[in-house]
Amino acid sequence: TYQSLGRDEERERSLDPYGLYFDRGAWYVVGYCHLREEIRSFRVSRIQSGVELDRPQGEGPDFERPPDFKLEDHARVLPWEFEEGSEYQAEVRFSPKIAWLVERDLGDVYRFKPRKGGVGTLYVRVRNEDGFLNWVLSFAEDAEVISPKELRKKVKDRLHLTLDNLGGEADA
């Protein structure tokens, strides 16, 4: 079973593991997820149950790794790409102070559109909304979620909660 980030319940998973990688202090396994029917990455520390082999008697391999599989194509999974949830696109505008950095770090992964005055817009595929919100809010006033509207509202709600926790007034 696997304990997804932000979920209370564990979920049974069947995985054909193709490779392991280490990133930011944690191990991840990449493989074909039979539940989602696609190649996915999973944090090893969130695997809650023992691993079972399909053919414990050793009657040949349990699966075959696709010949075109390359671990490096899957090893750079960003926090908002992990886990469950339907995928959607978010649009984020960055100030000139940080836009160049976002373009440098993510311009090869996502579409980045430079704007006048050094501003830039990044179009991101999001699955893990909590991971995405944490990332966007780390840029403070230098990032603004443009769409979807529901995500923009969640950013505002988080900011209001932060102000409340600090003893400030959200309307000030």
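Residues numbered from 1 in each chain as written. Predicted model: local features only at pLDDT ≥ 70, side-chain atom pairs only at ≥ 80, totals over all residues. Heavy atoms only, no water.

Next up on the list: the overall build of the protein chain. If you tally the helices and strands in the protein chain, you get three helices and seven strands. When the elements of the protein chain are put in sequence order from the N terminus, they spell out β-β-β-β-α-β-β-α-β-α. Classification of the 172 residues of the protein chain by burial places 33% in the buried group. (Helix = DSSP H or I, 4+ residues; strand = E, 2+ residues; numbered from the N terminus. Buried < 20%, exposed > 50% of the residue type's maximum accessible area, 1.4 Å probe, protein only.)

This paragraph deals with the pairing of strand β3 (residues 38–43). Here strand β2 (residues 26–33) runs beside β3; their pairing, made up of six bridges, is antiparallel. Each residue of the ladder has a partner; that of Val 30, found in β3, is Ser 41. In textbook terms, the turn of a hairpin is the stretch between consecutive antiparallel strands, and for β2 and β3 this stretch comprises four residues, one of which, Glu 37, has a positive phi near 60°. (Pairing = 2+ DSSP bridges.)

Between Ser 147 and Pro 148 the backbone carries a cis peptide bond, its omega angle lying at 0°. With respect to the helices and strands, Pro 148 occurs in the loop between β7 (143–147) and α3 (149–166). Even without glycine at this site, Glu 37 takes up a positive phi of about 60°. Within the fold, Glu 37 resides in the loop between β2 and β3. Overall, the relative accessible area of 60% leaves Glu 37 in the exposed class. Phi at Ala 140 is positive, roughly 50°, even though this residue is not glycine.

For α3, with 18 residues, the first-to-last C-alpha span of 26 Å sits near the 26 Å given by 1.5 Å per residue. Once α3 ends, the next one or two residues include Gly 167, with phi positive near 85°. (Expected span 1.5 Å × (residues − 1).)

The next subject is the sheet that holds strand β5 (residues 111–114). Pairing is antiparallel in the open sheet, where four strands are placed in the order β5-β6-β4-β7. Among the strands making up the open sheet, the edge pair consists of β5 and β7. Going across the sheet, the axis of each strand differs from the next one's by a mean of 25°, ignoring polarity. In the sheet, β5 pairs with strand β6 (residues 120–126) via four bridges, with the strands oriented antiparallel. Note on β6: the bridge partner recorded for Phe 112 is Leu 122. (Axes fitted to C-alpha atoms, helices over the stretch in contact; angles between N-to-C directions.)

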